[in-house]
Amino acid sequence: MRKWNFSAGPAIIPESVLKETQSELLEFKSSGMSVMEMSHRSKDYGEIANAARDDLIELLDVPESHDVLFLQGGATLQFGLIPMNFAHIGIPEYLETGTWSTKAIKECSKVCDLNICASSEESNFTNVPELIDWKLRSSNGYFHYVANETIQGNAIHDVPSVENPIIADMSSVILAEPIDVSKFSMIYAGAQKNIGPAGLTIAIISKDFLSSCNKDLPNIMNYDKHAQSGSMLNTPPTFAWYMAGKVFKWLKSLGGLEAVKESNYLKASTLYDYIDRSDFYSNPVAKKNRSIMNIPFILKSPDLDGAFLNEAESENLLNLKGHRSVGGMRASIYNAMPQEAIDDLIAFMEAFESKYG
Ligand SMILES: Cc1ncc(COP(=O)(O)O)c(C=O)c1O
């Protein structure tokens, strides 16, 4: 029996996608084999790969000026590769708003000097520093930020207006709503939240920016080499790429990202409104910086955390435990999570409050 999986990632995948994958598992169309067994250079796989790329381009309205790459290594590898490829253009600027931006900063600092232009560490990352307070050293180096901090549940909803080339980690928010890709030099995201299974990493990079990649790197670390080879420099994560393609088709069938955005905002506001109305639950994040994907909340007393999690599990509500660094609870409600799951969660939270409140 499938239950509501509120995990931050790997996370819920649309059931229709899983079923379709299941129906093709032994034999894809009349190829005589599973997609897992296909050469990435075969005609059948080429069609799968191209269709997925085209659908992603359509969904995000990626302009001609940008390339879409299907990579490996997760967002974590990109933390290191980004400075290796682009630090020579100028001292990178990093905005620190949570655990993932801190990790990106640490990885970058192993490669080069950088400037942390602002940090909200003092507030325990419950807000995002105001643009007016950012101390950018210059406009040459790239500016890196995490659009949605998965652990703290904060988000930057508008693309920051800085002159630097902008790079965003969108691991936990890509495809949640339309974005203006033309404003970014690079967007990257691990797949295991809104895209599909773990193992695939999407990068969308402007061709201009690609041409500035550090040419002395081994090919596998060089974004431009990946782009030139159509992300087939070596064997890509073929099955994850194929499943991502199915998720993209599913998003298109919902009406594209405008429709997805509407349902995401409705889901998030239903849960935030309930939390804000209650005296028993609370969310510490500044309202304008609240994530629509990851919603942390704390109970009146941490002594009740264990009972909350046990009772939630027996109501088929799984993986609500907050990250160990933050405590409390967190509901990750990615694209594939239906409104029904939010309603079930709130019904449970109400019942729990009347029992223990
Ligand atoms: C915003 C963000 N960045 C980076 C990562 C690390 O991703 P990966 O495990 O794909 O390296 C995560 C993982 O949860 C994340 O949420």
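What you see is a predicted model; the values in this text were computed from it and never measured.

Just to check I follow, could you spell out the sheet that holds strand β8 (residues 166-169) for this structure?
In any sheet, the strands associate via hydrogen bonds between backbone groups, in a parallel or an antiparallel arrangement. Strand order in this open sheet of seven strands is β2-β10-β9-β8-β5-β3-β4, and the pairing throughout is mixed. Lying at the two open borders of the sheet, with one neighbouring strand each, are β2 (66-71) and β4 (115-119). Neighbour to neighbour, the strand axes of the sheet diverge by 15 degrees on average, direction disregarded. Strands in contact with helix α4 (residues 99-109) are β3 (93-96), β4, β5 (143-146) and β8; relative to β3, the strand with the most contacts, it is inclined by about 150 degrees.

Explain the sheet that holds strand β11 (residues 281-282) here, please?
Pairing is antiparallel in the open sheet, where three strands are placed in the order β11-β12-β14. Edge positions in the open sheet fall to β11 and β14 (329-332), since each of these has one partner strand only. Direction of pairing for β11 relative to strand β12 (residues 294-299): antiparallel, over a ladder of two bridges. The residue of β12 that forms the bridge with S282 is I298. Helix α8 (residues 257-277) rests against β11, β12 and β14 of the sheet, and its axis sits at about 15 degrees to β12.

What is the right way to read helix α2 (residues 43-60) from this model?
An α-helical turn contains 3.6 residues, so any two residues separated by three or four positions project in the same direction. Taking 1.5 Å per residue as the helical rise, α2 with its 18 residues ought to reach 26 Å, and the 26 Å between its terminal C-alpha atoms agrees with that figure. Along α2, the residues that are buried comprise Y45, G46, I48, A49, A52, R53, D55, L56, L59 and L60. For α2, the elements touching its buried residues are β2, β10 (201-206), α7 (238-253) and α8. Positive phi shows up at D61, right after α2, with a value of about 50 degrees.

So what exactly am I meant to see when it comes to the nonpolar core here?
Proteins that are soluble and globular tend to have nonpolar side chains buried together. With 87 residues, the main nonpolar core has Y145, L175, I195, Y281, F308 and M349 as its most contacted residues. Sorting elements by how many residues they give to this core places α7 first, with nine residues. Ignoring anything within four residues of it in the chain, the contact list for L175 reads L56, L59, L60, N194, I195, F248, L251, L257, V260 and N335. Listed in part, the 25 residues of the second largest apolar core include F86, A104, C213 and A227.

Which parts of the structure should I look at to understand the domain arrangement of the protein?
Many descriptions give the size of an interface as the accessible area lost when the pieces come together. You can read the domains of the protein as domain 1 (16-253) and domain 2 (256-356). Computed from C-alpha atoms alone, the centre-to-centre distance between domain 1 and domain 2 is 27 Å. Contacts between domain 1 and domain 2 engage 26 residues on the former and 26 residues on the latter. When domain 1 packs against domain 2, close to 2,100 Å² is buried across both sides, 55% of that on carbon and sulfur atoms. For the pair domain 1 and domain 2, the number of links is one salt bridge. The shortest N-O distance in the salt bridge between E130 and K288 comes to 2.6 Å. Linking domain 1 with domain 2 are 14 residue pairs in polar contact (both at pLDDT 80 or more). Listed by contribution, the elements that provide at least two residues to the side of domain 1 that touches domain 2 are α2, β7 (154-155) and α7. At three residues, α7 tops the list of elements feeding residues into the side of domain 1 that touches domain 2. The class makeup of the residues in the side of domain 1 that touches domain 2 is eleven nonpolar, eleven polar and four charged.

Explain the pairing of β5 here, please?
It is a general feature of regular strands that their side chains alternate between the two faces of the sheet. Because side chains alternate across β5, one face comprises the buried residues F143 and Y145, and the other comprises H144 and V146, equally buried. Two elements, β3 and β5, share two bridges in a ladder whose sense is parallel. If you follow Y94 over to β5, its bridge partner there is H144. One ladder, built from four bridges, connects β5 with β8; its direction is parallel.

Even after reading the chapter, I still don't get the site of the ligand, so can you show me in this structure?
In the region of the ligand, 13 residues are neighbours, and T76, T150, D169, Q192 and K193 sit closest. At 2.5 Å, a side-chain N or O of T76 approaches an oxygen atom of the ligand. Note that an oxygen atom of the ligand is positioned 2.4 Å from one of the side-chain N or O atoms of T150. In terms of residue count, helix α3 (residues 74-86) provides more of the shell around the ligand than any other element does, four residues in total. Residue composition of the shell around the ligand, by class: four nonpolar, seven polar and two charged.

Rules and cut-offs
Residues numbered from 1 in each chain as written. Predicted model: local features only at pLDDT ≥ 70, side-chain atom pairs only at ≥ 80, totals over all residues. Heavy atoms only, no water. Pairing = 2+ DSSP bridges. Helix = DSSP H or I, 4+ residues; strand = E, 2+ residues; numbered from the N terminus. Axes fitted to C-alpha atoms, helices over the stretch in contact; angles between N-to-C directions. Contact = heavy atoms within 4.5 Å. Expected span 1.5 Å × (residues − 1). Buried < 20%, exposed > 50% of the residue type's maximum accessible area, 1.4 Å probe, protein only. Core = buried A, V, L, I, M, F, W, Y, C linked by side-chain atoms within 4.5 Å. Domains from an automatic or database assignment. Buried area = accessible area lost by both parts, 1.4 Å probe. Salt bridge = Lys/Arg side-chain N within 4 Å of Asp/Glu carboxyl O. Polar contact = N/O pair within 3.5 Å; in protein donor to acceptor, adjacent residues only side chain to side chain. Nonpolar A, V, L, I, M, F, W, Y, C, P; charged D, E, K, R; others polar. Near = heavy atom within 4 Å.

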